Amino acid sequence: MARFEMLEAGFGAMGATAQADILFELGMMYATGRDCETDVVAAHKWFNIAAIKGSIRAAELRSELSAAMSKVEIARALREAREWMTMH
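I will try to describe carefully the structure that is included in this document. (Residues numbered from 1 in each chain as written. Predicted model: local features only at pLDDT ≥ 70, side-chain atom pairs only at ≥ 80, totals over all residues. Heavy atoms only, no water.)

### A closer look at the nonpolar core
Then, in step 1: Counting 20 residues, the largest nonpolar core has Leu23, Phe24, Tyr30, Trp46, Phe47, Ile49 and Ala58 as the members making the most contacts within it.
Then, in step 2: Apart from residues lying up to four places away in sequence, Ile49 is in contact with Leu23, Ala81, Trp84 and Met85. (Core = buried A, V, L, I, M, F, W, Y, C linked by side-chain atoms within 4.5 Å. Buried < 20%, exposed > 50% of the residue type's maximum accessible area, 1.4 Å probe, protein only. Contact = heavy atoms within 4.5 Å.)

### Overview of the side chain of His44
Then, in step 1: Relative to the helices and strands, His44 resides in helix H3 (residues 40–52).
Then, in step 2: By relative accessible area, His44 is classed as buried at 1%.
Then, in step 3: The contacts of His44, once residues within four sequence positions are left out, are Arg62, Leu65, Ser66, Met69, Ile74, Ala77 and Leu78. (Helix = DSSP H or I, 4+ residues; strand = E, 2+ residues; numbered from the N terminus.)

### So, helix H4 (residues 56–66)
Then, in step 1: Listed as buried for H4 are Ala58, Leu61 and Leu65. Considered in projection along H4, the buried side chains sweep an arc of 65 degrees and stay on one side of the axis. The exposed set on the far side of H4, more than 90 degrees from its buried face, consists of Ile56 and Glu64.
Then, in step 2: A distance of 3.1 Å separates the backbone nitrogen of Ala58 from a side-chain oxygen at the start of H4, and that oxygen is part of Ser55. (Arc of directions from axis to C-beta. Polar contact = N/O pair within 3.5 Å; in protein donor to acceptor, adjacent residues only side chain to side chain.)

Pasting the structure below:
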């Protein structure tokens, strides 16, 4: 995750599409367990933020992922996404 945190400082200079692509990749990383433990809450969070930034595919995967998550997990993911959006 640290490698992506370095990019956060430059998000303002990036286009919305580039931001959405990076956030989508974070969602994929957590959804598939690529270079980390699988974490559906984190995956939902990043897909949600990418969808807000305009990624249609992220919105689709967020919806698919939600079907396999508990209400508590979804609420946590939404809260974390809202916190991230507030800070960035």
